[in-house]
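# Results of the structural survey
Letter by letter, the chains look like this.
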2 protein chains.
Amino acid sequence: MAKEGQTREPARRPGGRTARVRRRILEAAAELIARDGIGGLRYDQVADLAGVNKTSVYRNWPDRNALVVDALAAFGAEAAPLHDSGDIDADLVDFLEALAAATASPQGRALLTLVASAREDPELRAVVDEVFKRRLSMLDHRLKTAIERGELPPVESSFLAEMLTGPVQLFVTRRARAFTRADAVRVTGVVLAGIRATHSA
Amino acid sequence: MAKEGQTREPARRPGGRTARVRRRILEAAAELIARDGIGGLRYDQVADLAGVNKTSVYRNWPDRNALVVDALAAFGAEAAPLHDSGDIDADLVDFLEALAAATASPQGRALLTLVASAREDPELRAVVDEVFKRRLSMLDHRLKTAIERGELPPVESSFLAEMLTGPVQLFVTRRARAFTRADAVRVTGVVLAGIRATHSA
């Protein structure tokens, strides 16, 4: 668990004590969800692991499902961000490379397994669907910018997300070797060339 | 369970009493694996469900893991075959449409969940890897023919398989609506256009 003052990229993280406390709580919650499952998440353990008072957790997240959604969405956004460098091809390569690493990590694998089984449960399904929705809206925002700039023809973000991340997920869960940057370049290259060839601007 | 004389496509299935008995055993085994898991598979239950003598099962599959591999590979080949109509684009669309239906079926979902968890077990991992290898060699065979005919540039079958089936798997496990033939056409169109644009013949 990253502790205050030990974060890798302090410059990128929005400051303020409240923001830092919230981030520590979300990181602790994601770690505990990966270990104990969504149903096993306990506020007192989140507080202990985050090094904050239990009331801080309750005050920020009176609703338990909201804490789960925020924790999982924050894990995804932190582990596999989609930046805007002005070059959508390069940004998607970075995104896929980070996504593969996150998916292959013990925490990422635990969370993916748990998300897959949560979808069999009617109540938990709504929670994980909300996490996917958040992730998709992040991707959607970046794609809209690329489409406006003429870098991509108009394309649904959910379709593009499946085309890009589906192969990565299969690769990571089935192959013996690690997914490399060259693999990210290759997958992104095929999908974007295919989208540009089949969708008109 | 399909019983002798009730098969949908009798013309396509190789005849002979031995072949029919083997097929019934494999279908019964796949059904029981979906219900009880790989570890729960029992020869006497396979024999009962297939309507054959237990010695028939032992004689054909003295090795238990070989029965599991053959049953899972046969389920895949039966549920999502890749035909050769002479048109690789059309054959891949058919393949993806059938794959989506098989993945969404109760038996397909049960088998996929089980295969995912089996990969965490060192011994079972070898078994499910062998199933993927069989499926891949089927795809490889069909792709080589298409490449020889000049329908596709040279491409690794494992890469193409991930590009095509990864999006289908994500779609089926995450979306609320069913994967349609139009979706199969769209996924195949983007991937093949992308492969043709980025790989030279």
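Conventions we followed
By convention here, each chain's residues receive numbers from 1 onward along its written sequence. Chain A is the first chain written and ligand 1 is the first ligand written, with later ones labelled in order. Per-residue local features are limited, in this predicted model, to residues with pLDDT of at least 70; the limit for side-chain atom pairs, both in listing and counting, is 80 or more; totals at the level of whole chains, interfaces and linings are taken over all residues. For side-chain calculations, the full set of non-hydrogen atoms in the structure is used, while hydrogens and water are omitted. Runs of H or I in DSSP of at least four residues are treated as helices and runs of E of at least two as strands, each being numbered from the N terminus. Throughout, the radius of gyration refers to the C-alpha atoms, and the reference size of a globule is 2.2 Å times the residue count to the power 0.38. Categorising residues by exposure relies on relative accessible area from a 1.4 Å probe, with only protein chains included: less than 20% of the type maximum marks a residue as buried, more than 50% marks it as exposed, and the intermediate range marks it as partly exposed. Two residues qualify as a contact provided that any one of their heavy atoms is within 4.5 Å of a heavy atom in the partner residue. The term buried area denotes the loss of accessible surface (1.4 Å probe radius) that occurs when two parts are joined, taken as the sum for both partners. Salt bridges are counted wherever a side-chain nitrogen of Lys or Arg sits within 4 Å of a carboxyl oxygen of Asp or Glu. Throughout this description, a polar contact denotes any pair of N or O atoms lying within 3.5 Å of each other; where both atoms belong to protein, one of them has to be capable of donating a hydrogen while the other can accept it, and for residues adjacent in sequence the pair is counted only when both atoms sit in side chains. Note that Gly is not counted as nonpolar here; it falls among the polar residues with everything else outside the nonpolar set of Ala, Val, Leu, Ile, Met, Phe, Trp, Tyr, Cys and Pro and the charged set of Asp, Glu, Lys and Arg. Throughout the structure description, domain borders are defined by an automatic or database domain assignment. Axis lines are fitted through C-alpha atoms, for helices just across the contact stretch, and the angle between N-to-C directions can take any value from 0 to 180 degrees. Note on convention: near helix rotated counterclockwise from far helix by under a right angle means a left-handed crossing. Clockwise means right-handed. Superposing the copies works by least squares over the C-alpha atoms of residues that have pLDDT at least 70 in both of them. UniProt positions are given in the numbering used here, feature names are shortened, and annotations may be inferred rather than shown by experiment.

As annotated in an unreviewed UniProt entry, chain A is TetR/AcrR family transcriptional regulator from Streptomonospora algeriensis.

In this section: the overall build of chain A. When helices and strands are tallied, chain A shows 9 helices and 0 strands. Along chain A, helices (α) and strands (β) appear in the sequence α-α-α-α-α-α-α-α-α when read from the amino end. Taking 201 residues into account, the globule formula puts the C-alpha radius of gyration at 17 Å, and chain A, at 18 Å, falls close to it. With the C-alpha coordinates of chain A rotated into their principal frame, the extents come out at 55 × 35 × 30 Å. Out of the 201 residues belonging to chain A, those deemed buried represent 45%. Relative to all contacts within chain A whose residues are 6 or more apart in sequence, the contacts with residues 24 or more apart total 63%.

Tallying the contact residues gives 31 residues for chain A and 31 residues for chain B. Note on chain A versus chain B: buried area summed over both sides is about 2,800 Å², and carbon and sulfur give 55% of it. Applying the counting rule to chain A against chain B returns 4 salt bridges. Among the salt bridges present, the one from A:Arg175 reaches B:Glu162, with a minimum N-O distance of 2.7 Å. Taken together, the connections running from chain A to chain B amount to 8 residue pairs in polar contact (both at pLDDT 80 or more). Mapped onto the side of chain A that touches chain B, the elements with two or more residues apiece are helix 6 (106–118), helix 7 (122–148), helix 8 (157–174) and helix 9 (181–198) of chain A. Take the side of chain A that touches chain B: its biggest share by element is 12 residues, from helix 8 of chain A. Residues of the side of chain A that touches chain B, tallied by class, amount to 13 nonpolar, 9 polar and 9 charged.

Quoted interface sizes are often the accessible area lost when the parts come together. All names here are of chain A. By the assigned domains, chain A splits into domain 1 (10–64) and domain 2 (80–198). If you average the C-alpha positions of domain 1 and of domain 2, the two centres end up 25 Å apart. Taken together, the contact pairs 7 residues of domain 1 with 8 residues of domain 2. At the boundary of domain 1 with domain 2, total buried surface from both sides reaches about 550 Å², with 79% on carbon and sulfur atoms. Scanning the region where domain 1 abuts domain 2 turns up 0 salt bridges. Between the two partners, domain 1 and domain 2, sit 1 residue pair in polar contact (both at pLDDT 80 or more).

This paragraph deals with the pattern of salt bridges. With the rule as written, the count across this model stands at 32 salt bridges over all chains. Two residues, A:Asp140 and A:Lys144, come together in a salt bridge whose shortest N-O distance is 2.9 Å. With A:Asp140 and A:Lys144 both in helix 7 and 4 residues apart, this pair spans about one turn of that helix. Residue B:Glu97 is joined to B:Arg181 by a salt bridge in which the shortest nitrogen-to-oxygen separation is 2.5 Å. In this pair, B:Glu97 is assigned in helix 5 (residues 88–104) and B:Arg181 in helix 9 (residues 181–198), connecting sequence segments 84 residues apart. Note on B:Arg181: relative accessible area 36%, which makes it partly exposed. Salt bridges here are not isolated pairs; linked through shared partners, they connect A:Asp70, A:Glu130, A:Lys133 and A:Arg134.

This brings us to the packing of helix 5 (residues 88–104) of chain A against helix 8 of chain A. Residue and element names in this part refer to chain A. Between helix 5 and helix 8, the shortest axis-to-axis distance is 10 Å and the interhelical angle comes to 35°. The hand of the helix 5/helix 8 crossing is right-handed. Of the residues in helix 8, those in contact with Leu92, Phe95, Leu96, Leu99, Ala100, Thr103 and Ala104 of helix 5 are Leu164, Thr165, Val168 and Val172. Considered class by class, the residues forming the contact of helix 5 with helix 8 number 9 nonpolar, 2 polar and no charged.

With respect to the element layout, B:Gly108 can be found in helix 6 (residues 106–118). Judged by its relative accessible area of 5%, B:Gly108 is buried.

With that settled, consider the relation of the copies chain A and chain B. Of the two same-sequence chains, chain A is brought onto chain B (RMSD 0.0 Å, axial shift 0.0 Å) by a rotation of 180°. The operation mapping one copy onto its partner corresponds to a two-fold rotation axis. Same-surface contact between copies: 100% of interface residues of chain A are shared with the interface of chain B.

It is worth spelling out the UniProt feature "DNA-binding region" (unreviewed entry) in chain A at this point. Per the UniProt record, the feature "DNA-binding region" (unreviewed entry) sits at residues 42–61 of chain A. In the segment residues 42–61 of chain A, helix accounts for 75% and strand for 0%; the C-alpha atoms at its two ends are 12 Å apart.

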